[in-house]
Amino acid sequence: MALALVAAFGTGDGAGRPTVNGLPITDGFLIAYVHSIYHAPSAEVFTVEGRRFTMRAVVSAGEGVLDYYALEGSRSRLPGGGWLLRLAEPATYTELSLLTTSIGRRTLMSGGRCLPLFPPVGAAQVRVAVEARLAGRGEPCRPPYNQSFFLNTE
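Predicted model, so just to flag it, every value in this text is computed and none were measured.

A.B. asks: Before we move on, could you go through the overall build of the protein and cite the residues and values that matter?
C.D. replies: Tallying secondary structure elements over the protein gives two helices and 13 strands in all. For the protein, long-range pairs separated by at least 24 residues make up 61% of all intrachain contacts whose partners lie at least 6 apart in sequence.

As structure tokens, then:
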């Protein structure tokens, strides 16, 4: 599923480029995690416009994760075997507060790069927001987030 990025950030004079928590954004981003009940790699799919971001879909290796969300939308099977739920009513944010744990391994993904949001042990409260930065953060994605259906979802 291709996502379009519409961002009104300058590229010169030190304005920086759009990032989510420092991860450079290309064609939107995902918040990937391992579902705590179904133990399935899953992700929330976002598009970006300016400093606002909109959750458009949920993708997962397990169909039960889509049921867990209990959201209206259209459901389809992905070529790689995963499941996709396109939300009937997308949700838009300027910032999102998340509780992250080493069990769920919440991770930002964009352009084949990942930025882990979770602590090595325990839990942490994390704020997700779009901002302009000169330098980006992130690393190549590792299991379970380097699976082809996640990278193809972006």
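The structure having been displayed, the exposition proceeds.
A.B. asks: Explain the side chain of Thr47 residue by residue, including any values.
C.D. replies: Structurally, the position occupied by Thr47 is in strand β4 (residues 41-49). Separated by 3.0 Å, the side chains of Thr47 and Arg56 make a polar contact.

A.B. asks: Would you mind going over the sheet that holds strand β10 (residues 113-116) in detail, with residue names and values included?
C.D. replies: Strand order across the open sheet formed by eight strands is β6-β7-β5-β4-β3-β9-β10-β13, with antiparallel pairing between neighbours. Either end of the sheet is taken by a strand with one partner, and the two such strands are β6 (73-77) and β13 (139-140). As judged from the five bridges shared by β6 and strand β7 (residues 83-93), these two strands associate in the antiparallel manner. Looking at the pairing, Ser74 lines up with Arg86 of β7.

A.B. asks: I'd love a proper account of the pattern of salt bridges, names of residues and values included.
C.D. replies: Across all of its chains, the model carries five salt bridges by this definition. Linking Asp67 and Arg75 is a salt bridge whose minimum nitrogen-to-oxygen distance equals 2.9 Å. With relative accessibility at 45%, the residue Asp67 sits in the partly exposed group. Assessed through its relative accessible area of 35%, Arg75 is described here as partly exposed.

A.B. asks: Talk me through unusual backbone geometry; I want residue IDs and the actual numbers.
C.D. replies: Of note in the backbone geometry, Asn21 takes a positive phi value of approximately 55° without being a glycine. Here Asn21 shows up in the loop between β1 (17-20) and β2 (23-24). Owing to a relative accessible area of 14%, Asn21 belongs among the buried residues under this scheme. Look at Ala70: it is not a glycine, yet its phi comes out positive at around 50°. Relative to the helices and strands, Ala70 is located in the loop between α1 (63-69) and β6.

A.B. asks: Account for the pairing of strand β8 (residues 96-101), naming residues and giving values.
C.D. replies: Burial of β8 is one-sided: the residues Leu96, Leu98 and Thr100 facing one way are buried, the residues Ser97, Leu99 and Thr101 facing the other way are not. With six bridges joining them, β8 and strand β11 (residues 123-128) adopt antiparallel strand pairing. Counted as the bridge partner of Ser97 is Arg127 from β11.

A.B. asks: Describe the environment of Met109, and please don't skip the residues or the numbers.
C.D. replies: Summarising the element assignment, Met109 is placed in strand β9 (residues 107-110). Along the primary structure Met109 and Val45 are separated by 64 residues, whereas in three dimensions their C-alpha atoms are 9.6 Å apart.

A.B. asks: I'd like a description of the sheet that holds β2, backed by residues and values.
C.D. replies: Whenever strands of a sheet pair, they do so through backbone hydrogen bonds, lying parallel or antiparallel. In space, the three strands of this open sheet follow the order β2-β1-β12, with antiparallel pairing throughout. In this open sheet, the two edge strands, each paired with only one partner strand, are β2 and β12 (130-133). In this structure, β1 lies alongside β2, joined through two bridges in antiparallel fashion. Looking at β2, one finds that Val20 is bridged to Leu23.

Conventions and cut-offs
- Residues numbered from 1 in each chain as written.
- Predicted model: local features only at pLDDT ≥ 70, side-chain atom pairs only at ≥ 80, totals over all residues.
- Heavy atoms only, no water.
- Helix = DSSP H or I, 4+ residues; strand = E, 2+ residues; numbered from the N terminus.
- Contact = heavy atoms within 4.5 Å.
- Polar contact = N/O pair within 3.5 Å; in protein donor to acceptor, adjacent residues only side chain to side chain.
- Pairing = 2+ DSSP bridges.
- Salt bridge = Lys/Arg side-chain N within 4 Å of Asp/Glu carboxyl O.
- Buried < 20%, exposed > 50% of the residue type's maximum accessible area, 1.4 Å probe, protein only.

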